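Listed here are the chains, written in short residue letters.
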Amino acid sequence: LSLAHTLETAVERVSELLAVECVAVYLRAEEDRLVPAATRSLTGPHARVAERMLELSFARRDRALVESSDISSDLRLQDVRDAAREAGIDAALAARLAVRDDVIGLLAVYPERHRHATENEAELLGALAGQLAVAVQNAQLHERTRELSRQREAALARHRAGTRQRAL
């Protein structure tokens, strides 16, 4: 499976399992910023909210899950309220995507205001984030391997053409 297909499928399944319309998977870019990799029913600067949720997750030692049932009154999210309002985000539940100690992204669910995740929903989201992190890493490795193979084949073809040219 391609990385894009893996992420789109994950977003759809999380939306169904948690009965939430707005869901996103963000991946860390080279400059260490989160980039939306797959989204459902989101527009606007929602990545700013996700970046803040990721920052907050690092402050949690017990688990990497962060919840805000009302962003407009959550002091921890004061600096991204305008972005949340513009993106139509009232609440957030987010889990880091991590493989070993390497954080590769964030799985975020944006429910309606004042909806708290049940203990089962929180555990489910955490488990899905763990599985998704491994799936993302595997898909990235697969795509990188495929690209390296393509480059190798192209270099080999150039080498063969050069050898034939010299032989003539």
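Up top you'll find the structure we're talking about.
The sections below set out a description of the structure shown in this document. (Residues numbered from 1 in each chain as written. Predicted model: local features only at pLDDT ≥ 70, side-chain atom pairs only at ≥ 80, totals over all residues. Heavy atoms only, no water.)

**Brief notes about the overall build of the chain**
- When helices and strands are counted, the chain shows four helices and five strands.
- Whereas a compact globule of 168 residues would reach a radius of gyration of roughly 15 Å, the chain reaches 20 Å, over 25% beyond that.
- Judged by the C-alpha coordinates and their principal axes, the chain covers about 75 × 30 × 30 Å.
- Residues counted as buried form 40% of the 168 residues belonging to the chain.
- A fraction of 58% describes how many contacts in the chain between residues 6 or more apart in sequence connect residues 24 or more apart.
- Roughly 10,000 Å² of accessible area belongs to the chain as shown, and the carbon and sulfur atoms make up 49% of that amount.
- Of the side-chain charges in the chain, 24 are positive and 26 negative, and the distance between the mean point of each set is 9 Å. (Helix = DSSP H or I, 4+ residues; strand = E, 2+ residues; numbered from the N terminus. Rg over C-alpha atoms; globule rule 2.2 N^0.38 Å. Buried < 20%, exposed > 50% of the residue type's maximum accessible area, 1.4 Å probe, protein only. Contact = heavy atoms within 4.5 Å. Areas by Shrake-Rupley, 256 points an atom, 1.4 Å probe, with all protein chains shown as cover. Lys, Arg positive; Asp, Glu negative; His and termini not counted. Charge placed at Lys NZ, Arg CZ, Asp CG, Glu CD.)

**A word on the side chain of Asp74**
- As for its placement among the helices and strands, Asp74 is situated in the loop between β3 (65–68) and α3 (81–87).
- With residues near it in sequence (within four places) discarded, Asp74 still touches Glu67, Ser68 and Arg81.

**Considering the nonpolar core**
- Leu7, Val25, Leu97, Leu107, Leu125 and Leu132 are the most contacted members of the largest nonpolar core, which totals 26 residues.
- For this core, the secondary-structure elements that each account for two or more residues are α1 (3–18), β1 (22–28), β4 (92–99), β5 (102–110) and α4 (119–167).
- The leading source of residues in this core is α4, at seven residues.
- Counting residues in each nonpolar core, the second largest holds 25 residues, with Leu34, Met53, Ile71 and Ala108 among its members. (Core = buried A, V, L, I, M, F, W, Y, C linked by side-chain atoms within 4.5 Å.)

**Focus on α4**
- Helix length check: α4 (49 residues) gives 72 Å between terminal C-alpha atoms against 72 Å at 1.5 Å per residue, within 8%.
- Of all the residues in α4, the buried ones are Glu121, Ala122, Leu125, Ala129, Leu132, Ala133, Val136 and Ala139.
- Against α1, β1, β3, β4 and β5 lie the buried residues of α4. (Expected span 1.5 Å × (residues − 1).)

**Structural notes on unusual backbone geometry**
- The backbone of Ala19 sits at a positive phi, close to 50 degrees, despite the residue not being glycine.
- Structurally, Ala19 can be placed in the loop between α1 and β1.
- Accessibility expressed as a relative area gives 64% for Ala19, which makes it exposed.
- Of note in the backbone geometry, Ser41 takes a positive phi value of approximately 60 degrees without being a glycine.
- Take Ser41: it is sitting in the loop between β2 (34–40) and α2 (46–58).

**Considering the packing of α1 against α4**
- Taken N-terminus to C-terminus, the directions of α1 and α4 make an angle of 170 degrees; their axes are 9 Å apart at the nearest point. Relative to α4, α1 is oriented roughly antiparallel. In this structure, α1 contributes Leu3, Ala4, Thr6, Leu7, Ala10, Val14, Leu17 and Leu18 to the contact, and α4 contributes Glu121, Leu124, Leu125, Leu128, Leu132, Ala135, Val136, Ala139, Gln140 and Glu143.
- Split by residue class, the contact of α1 with α4 holds 14 nonpolar, two polar and two charged. (Axes fitted to C-alpha atoms, helices over the stretch in contact; angles between N-to-C directions. Parallel < 35°, antiparallel > 145°, perpendicular 65-115°, else oblique. Nonpolar A, V, L, I, M, F, W, Y, C, P; charged D, E, K, R; others polar.)

**Some words on empty space enclosed by the protein**
- Considering all chains together, one arrives at one cavity of 30 Å³ or more under this definition.
- Every residue lining the largest cavity is listed: Leu18, Val20, Glu67, Leu93, Val109, Pro111, Arg115, His116, Ala117 and Glu121.
- Split into classes, the residues belonging to the lining of the largest cavity amount to six nonpolar, one polar and three charged. (1 Å grid on protein atoms, 1.4 Å probe; cavity = no way out; pocket = protein on both sides within 12 Å on 5 of 7 lines; lining within 4 Å. Points joined across faces, edges and corners; volume = space filled by probe spheres on them.)

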